[in-house]
Structure formats: structure tokens, C-alpha cells
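Residue-level structural notes
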Amino acid sequence: RQPASSSAILAEMRHSPPLTTSLTVIGNATAKIFMRARLPHVDLFARLCDVDPGGRSINICDGFLRLTPQMPRGAYGIMAIDLTLHATAHRFRPGHRLRLQVSSGAHPRYARNTGTDEPIGEATTLAANDIEVFHDAACPSSVTLPLPEL
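An account of the accompanying structure is given in this report. Keep in mind that what you see is a predicted model, and the values were worked out from it rather than measured.

Analysis parameters
Starting from 1, residues in each chain are numbered consecutively following that chain's sequence as written. In keeping with the predicted nature of the model, local features appear solely for residues at pLDDT of at least 70, side-chain atom pairs appear and are counted solely at 80 or more, and the whole-chain, interface and lining totals rest on all residues. Side-chain descriptors were evaluated using all non-hydrogen atoms of the structure, hydrogens and water having been removed beforehand. Strands are runs of DSSP state E lasting at least 2 residues, helices are runs of H or I lasting at least 4, and numbering of each runs from the N terminus. A 1.4 Å probe rolled over the protein chains alone gives each residue an accessible area, and that area as a share of the maximum for its type sets the label: buried under 20%, exposed over 50%, partly exposed in between. Note on definitions: a residue-residue contact is assigned when non-hydrogen atoms from the two residues lie within 4.5 Å. Salt bridges, as used here, are contacts in which a Lys or Arg side-chain nitrogen is within 4 Å of a carboxyl oxygen on Asp or Glu. Here, two cysteine sulfur atoms that lie within 2.5 Å of each other are counted as a disulfide. Whether two aromatic rings pair depends on their centres lying within 6.5 Å, for rings of Phe, Tyr and Trp, where Trp uses its six-membered ring; planes under 30 degrees apart make the pair stacked, over 60 edge-to-face, and the rest tilted.

**A short note on the side chain of His 41**
Checked against the element boundaries, His 41 lands in the loop between strand 3 (30-37) and strand 4 (42-51). According to the relative accessible area criterion, His 41 is buried, its value standing at 17%. Residues contacting His 41, with those up to four places away along its chain left out, are Leu 67, Thr 68, Pro 69, Asn 113, Gly 115, Thr 116, Asp 117 and Asn 129.

In C-alpha cells form, the structure reads like this:
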């Protein structure tokens, strides 16, 4: 499938509607991200956040994956990535929203991806990458939350 636009996306953020009741998450959330990158060497970073009614966002958990040319790609070069986020225990309060932030890196927490296959500690070449994140019926990027029975 061809995208409506080929513009680069640095960070994609999606919000839930405000919660009407508390939501408790305990364990590892997982993100299913459909994406395409112009260069085969690319990073995927996803972060789950708690956004209060005033718009203040708090980081809850995140995950990171460095992708290589060996990563399977489907039609039009789109990859379906399953990303496990770090374990968490958090209660989202009523009126708060969940935010999923998706980006192609988290420097300096993780070493930047140079876009080449040079070793990270020795790389001298930097290559800009165009990255698209998809979220529609054909490519339903999503996050799955571990919801315990309380």
C-alpha cells in the first residue's frame, strides 16, 4: 500500500480519550508498530505516557529496538514490529489519557543510529533517514496493556 504522503515522521503520538475510571497496568506492555524506513538501518523507540487533564505528560515505560537489513519487510517495504516495553506498575486515574509516543531513537539514552552499518563506536558517516509510521485499517499500529485482575 502506498502512503498518502511520503513526508518524514520524527515522532508520532497517539492519545486515548480521557479515562472514565482508573486503569491499572502491571507487567510488560507491547507495541505493534507498522513502519517503513528509507534506509535499512533504523531504530524504533516507543514510550507509554500518562497525560493528566492539564496536559502534563509522565513517562511510564518504554522499549527500544535496533533494526537491520535482515528485518522482514512486507509490501511497499512496510515492517510490522512487535516491541516489548519495560515492565511497569502504574494506575492511570480518571480524566487522564494514555499516550503512545513512537520515534526513531532516544539519544543519549541509547546510542544514536548513524543509518549505516558502521560499528557504533567507530562510525564517522551519518545518513539521514525518512521514517513513516502507519496507523489505519491495513496497518493497525497499537499498544497492548497488561491488565491484572484486581
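**Structural notes on the pattern of salt bridges**
Going through the model one piece at a time under the given rule, you end up with 6 salt bridges. Here Glu 132 makes a salt bridge to Arg 36, at a shortest N to O gap of 2.9 Å. Of the two residues, Glu 132 sits in strand 9 (residues 131-134) while Arg 36 sits in strand 3, which places them 96 residues apart along the sequence. Comparing Glu 132 with Arg 36, the two get one shared label, buried. Beyond isolated ion pairs, a larger network of salt bridges with shared partners links Arg 47, Asp 62 and Arg 109.

**Describing the side chain of Thr 88**
With respect to the element layout, Thr 88 can be found in strand 7 (residues 88-92). With residues near it in sequence (within four places) discarded, Thr 88 still touches Val 25, Ile 26, Gly 27, Ile 60 and Cys 61.

**What to know about the state of the cysteines**
In the structure shown here, the tally under the stated rule is 0 disulfides. With no disulfide of its own, Cys 49 has Cys 61 as its nearest cysteine by sulfur position, at a separation of 8.7 Å. In this structure Cys 61 comes out as buried when scored by relative accessible area, which is 5%.

**What to know about the packing of aromatic side chains**
Overall, the coordinates contain 2 aromatic pairs when judged by the stated rule. Plain terms: the ring middles of Phe 45 and Tyr 110 are 6.3 Å apart, the flat faces sit at 55° to each other, and that makes the pair tilted. Placement of Phe 45 in strand 4 and of Tyr 110 in the loop between strand 8 (97-103) and strand 9 is noted, with a sequence separation of 65 residues between them. A relative accessible area of 19% means that Tyr 110 is categorised as buried. Summarising the aromatic geometry, the rings of Phe 64 and Tyr 110 are spaced 4.0 Å apart at their centres and angled 5° between planes, so their arrangement reads as stacked. With Phe 64 in strand 5 (residues 57-67) and Tyr 110 in the loop between strand 8 and strand 9, this residue pair connects regions lying 46 residues apart in the sequence. Residue classification places Phe 64 among the partly exposed residues on the basis of a relative accessible area of 21%. An aromatic cluster is built from Phe 45, Phe 64 and Tyr 110, whose rings are joined through pairwise contacts.

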